[in-house]
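The chain contents come next:
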2 protein chains.
Amino acid sequence: MERTMDLCRELFVKLRKNELHDGDKVFLEGWVRGNRDNGSVGFIEFNDGTCFKNVQLVYTNETTGYEAISHFKYAASISVKGSIKLTPENKQPFEILVEEAAVLGDVSDDYPLQKKRHSFEFLRDIAYLRPRANTFNALYRVRNKLAFAIHLFFQERGFMYVHTPIITGNDAEGAGQCFKVVEDLKNPTEFFNANSCLTVSGQLHVEPFALAFRDTYTFGPTFRAEHSNTSRHASEFWMIEPEIAFADLEDDMNLMEEFLKFIINYVLTNCPDEMNFFNTMIEKGVIDKMNAILNSSFKRMTYTEAIEILDKAAKNGKKFEYNNIFWGMDLQSEHERYITEEVVKGPVFLINYPKEIKSFYMKLNSDNKTVAACDLLVPGVGEICGGSQREDNYDLLKTRMDEQGNTEILEWYLNLRKYGGCIHSGFGLGFDRLLMYLTGLSNIRDVQPYPRTPGSLKY
Amino acid sequence: MERTMDLCRELFVKLRKNELHDGDKVFLEGWVRGNRDNGSVGFIEFNDGTCFKNVQLVYTNETTGYEAISHFKYAASISVKGSIKLTPENKQPFEILVEEAAVLGDVSDDYPLQKKRHSFEFLRDIAYLRPRANTFNALYRVRNKLAFAIHLFFQERGFMYVHTPIITGNDAEGAGQCFKVVEDLKNPTEFFNANSCLTVSGQLHVEPFALAFRDTYTFGPTFRAEHSNTSRHASEFWMIEPEIAFADLEDDMNLMEEFLKFIINYVLTNCPDEMNFFNTMIEKGVIDKMNAILNSSFKRMTYTEAIEILDKAAKNGKKFEYNNIFWGMDLQSEHERYITEEVVKGPVFLINYPKEIKSFYMKLNSDNKTVAACDLLVPGVGEICGGSQREDNYDLLKTRMDEQGNTEILEWYLNLRKYGGCIHSGFGLGFDRLLMYLTGLSNIRDVQPYPRTPGSLKY
């Protein structure tokens, strides 16, 4: 068998180019997404997986095998020979008049999906079938394009993609929420002759590459053994972590802004049908929200300014759940959203955070109190990603590492500062949360193919 | 600081376009890869990480700061202002006449790399510095381009990229060589309320997506808890696994051939300097070897034919280490190489293997003895990748799964055969071994950023 049959995607491309004509013969294989028949004429909603839109097949009681075709079941896989009929006046711009059709794979009666809306909870439980449901079909298409957009952005700019390791001996953030990786539960350090865990970030491992290739990025899975059963936490998720040499915090923020705009624009341009679906069915206005990002210039505000604004707002009657505003506090989502939604009314980088609430590797500012870190806040979410200039001074970094007790295991990381080091910066962006933001889906379990969360590992 | 300085890569691009002129001012930041000075004129081999080739900086005893510049250390990071001098008659097509230069990050005396050849064993031990060594600099550049070529190939053809899960409850191949993933060593099933391990393959998880999107692929890390201390085994490695619906074994082999040729051609075209380096320094003739693949039409031979040929050869005096040739045996690398190098003299798919030596999910042929599996054999390596048509018959698959005792945990996988299933196929290709093949590097530890092997987890 040569795979010379037609694809739905190609039919739509031909249509756009005015290369689809009445009477064109087609041979398609795909799935029944609906079948209704009024006794003389019948319609099959057909999809072969190559585009989001369905194609309409039309058959009549004079079509060969009419009786069988009219009983084609929802979700059956079928092959169809037929001819094109352009229908520019209809909702569907063309139909396929069926000449011959056959079932390739039938559907048993216990099939759990029906042609109706199912709850997301129900669909989560059948993760292996939900790619066939409209929302998830659209979602995984956007996920695919978004992943490619990320590579495209960096590759066009000469960045080097680095596969940082998944199994690692150190816990980059010092958060202590690593899964352990062992061959033998009774001898956990035997296989690697070391403590081994799943990575929480590729950053520390990509820095040596930035110091050889200048512009680098990782894009891979990361893990957290957190017992957080929220709609925004998963135990396994993909992260994008660029690391750039000869670049300070300002360069880093410029890169974040350019990157975010590029990938949003790429998805809007390459997934118009899917984004229209999300705009209609999941979050009204999500396309406008994305266009607002594209059309805005990202502002900068220091953490200190933000605290002053929040404190003033609280004193003037603004009710926050956490109403005790003080310099040195970790901002809550409500505070971030107030700043981006009500004060700035657009994307804003908060910069120069107190060193106590940020990671050991961030560059200490000359005030000795804050670090050259930034969080990007956007309306509707709050923080969407964060970055920093890295501490490039050997002595300052060693002091911070000694305080945290990780100097020994990360000596190589420290050494980078005395072997031709330079100013360098980077950021981290959670891929799955970005996808939630882009589509309006509100649970991280609904944007991943097979989500892993505490107590949940069905597939 | 705006990142408006020049890049070495851009200078070479300008040169090719005849847009680089004598006297053009440049401002570069990068690393010293060599510095020699004869008292009146000095030369710095300079590299900013943006291309494989170095750029030559020239200074004289009349250059401002001559004394300091002449002492710039190997591997120091520096900034340079200067002007272009075209030198078409020289080995370097242009030089940069230094006007001003400064050290950004110096190098302490314990720096372990020197401007000389180090052994690969030594460099493995300083994995965080070896991207700066020529071989590894070239290698990671090819690795980057190869990874992108893979996405490009599939994306241009409408394939959907699926992030199959890393943590999984099942062992796809039944090989029993999974690492366990636990939060608490004493309660290993507590976190997920299930046995949890690291994936050995994304195939089973991507099949449901092929049955919704037709053409799909995974490209991600996979793991083996094998105590194999060989040059070809790593505990962590990346795999490419396409899965295509409405496609039989022949379609699968056509895809493998098209894919392999595309990515080889992409690397030869986009990494000419790096491939010349490997061709000269690592494996003489590797470029010819790759061109031979591009120019060959991949043959097909059944396993049964191969056994007959091997048996005849053995009887006619060909000495194999495993000289006992019989139908049903697993072929050794020496047998595969004999077939591809001495019999076919080019790439060949061996097809239709005995079902006993292949996986449970492979399509049983009508002879009831063999399965529709293929291994692609290439000269110099033997097997480079393998694929199969999948068993789409519910009853046949259930019988195989019952035999292996995995019906219960993989019931969802079996169900795909009764919910609108179809003929589908796929293959798996180890990314790191492919990179070994392309570059001539003979140890998998030398093609990964931070290799993980038994007893080795330094970084």
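Engineer: Honestly, the interface of chain B and chain A in this entry has me stumped. Any pointers?
Structural biologist: By convention, interface size is frequently given as the accessible area that disappears when the constituent parts associate. With 110 residues of chain B in contact, the opposing surface of chain A contributes 111 residues. Here chain B packs against chain A, burying approximately 9700 Å² in sum over the two surfaces, 61% of which is carbon and sulfur. For the salt bridge of K418(B) with D110(A), the shortest nitrogen-to-oxygen distance reads 2.8 Å. Across the contact surface, chain B and chain A share 43 residue pairs in polar contact (both at pLDDT 80 or more).

Engineer: Whenever I open this one, the nonpolar core confuses me. Can you help?
Structural biologist: Most often, soluble globular proteins have nonpolar side chains that are buried together. Within the largest apolar cluster, 284 residues are counted, with the highest numbers of intra-cluster contacts made by Y413(A) and Y413(B). Those residues in contact with Y413(B) that lie beyond four places of it in its chain are Q203(B), L204(B), E207(B), F360(B), Y361(B), L397(B) and M401(B). Of all hydrophobic cores here, the second largest spans 21 residues; its members include I167(A), L457(A), V181(B) and F192(B).

Engineer: Can you walk me through the relation of the copies chain B and chain A in this structure?
Structural biologist: Relating one copy of the chain to the other requires a rotation about an axis plus a shift along that axis. You can overlay chain B on chain A at an RMSD of 0.0 Å; the transform is a turn of 180° with a shift of 0.0 Å along its axis. Given the turn and translation reported, the copies of this chain are related as if by a two-fold rotation axis. By C-alpha distance to the rotation axis, the residue of chain B lying nearest is V181(B), at 2.4 Å. Comparing contact sets, 100% of the residues at the interface of chain B also lie at the interface in chain A, consistent with an isologous, same-surface contact.

Engineer: Teacher, can you tell me more about the packing of helix 9 (residues 303-315) of chain A against helix 10 (residues 333-343) of chain A here?
Structural biologist: Between two packed helices, the angle of one axis relative to the other and the distance separating the axes together describe the packing. All names here are of chain A. At a minimum axis distance of 11 Å, the contact between helix 9 and helix 10 shows a crossing angle of 90°. Here helix 9 lies roughly perpendicular to helix 10, going by the angle between them. Here A306, I309, L310 and A313 of helix 9 lie close against helix 10, whose contacting residues are H335, Y338, I339 and V343. Across the contact of helix 9 with helix 10, the residue classes break down as seven nonpolar, one polar and no charged.

Engineer: How should the sheet that holds strand 6 (residues 160-161) of chain A be read in this particular structure?
Structural biologist: Adjacent strands of a sheet form backbone hydrogen bonds with each other and so pair up, either parallel or antiparallel. Residues and elements named next belong to chain A. As summarised here, the arrangement of the eight strands in space is 6-10-11-16-15-14-13-12, forming an open sheet in which the pairing is mixed. Both outer strands of the open sheet, strand 6 and strand 12 (299-302), are each paired with one neighbouring strand and no more. Inspection of the sheet shows strand 14 (residues 370-378) paired to strand 15 (residues 382-389) by six bridges, in the antiparallel sense. When the sheet's bridge partners are listed, D375 is paired in strand 15 with G386. Against the sheet, helix 4 (residues 134-156) engages strand 6, strand 10 (215-223) and strand 11 (236-245), with an angle of about 150° to strand 10. Each of strand 10, strand 11, strand 14, strand 15 and strand 16 (424-430) is contacted by helix 13 (residues 431-439), which is oriented at about 60° to strand 16, the strand it contacts most.

Thresholds applied
- Residues numbered from 1 in each chain as written.
- Chains lettered and ligands numbered in written order.
- Predicted model: local features only at pLDDT ≥ 70, side-chain atom pairs only at ≥ 80, totals over all residues.
- Heavy atoms only, no water.
- Contact = heavy atoms within 4.5 Å.
- Buried area = accessible area lost by both parts, 1.4 Å probe.
- Salt bridge = Lys/Arg side-chain N within 4 Å of Asp/Glu carboxyl O.
- Polar contact = N/O pair within 3.5 Å; in protein donor to acceptor, adjacent residues only side chain to side chain.
- Core = buried A, V, L, I, M, F, W, Y, C linked by side-chain atoms within 4.5 Å.
- Buried < 20%, exposed > 50% of the residue type's maximum accessible area, 1.4 Å probe, protein only.
- Least-squares fit on C-alpha atoms with pLDDT ≥ 70 in both.
- Axes fitted to C-alpha atoms, helices over the stretch in contact; angles between N-to-C directions.
- Helix = DSSP H or I, 4+ residues; strand = E, 2+ residues; numbered from the N terminus.
- Parallel < 35°, antiparallel > 145°, perpendicular 65-115°, else oblique.
- Nonpolar A, V, L, I, M, F, W, Y, C, P; charged D, E, K, R; others polar.
- Pairing = 2+ DSSP bridges.

In short, geometric facts, not functional conclusions.
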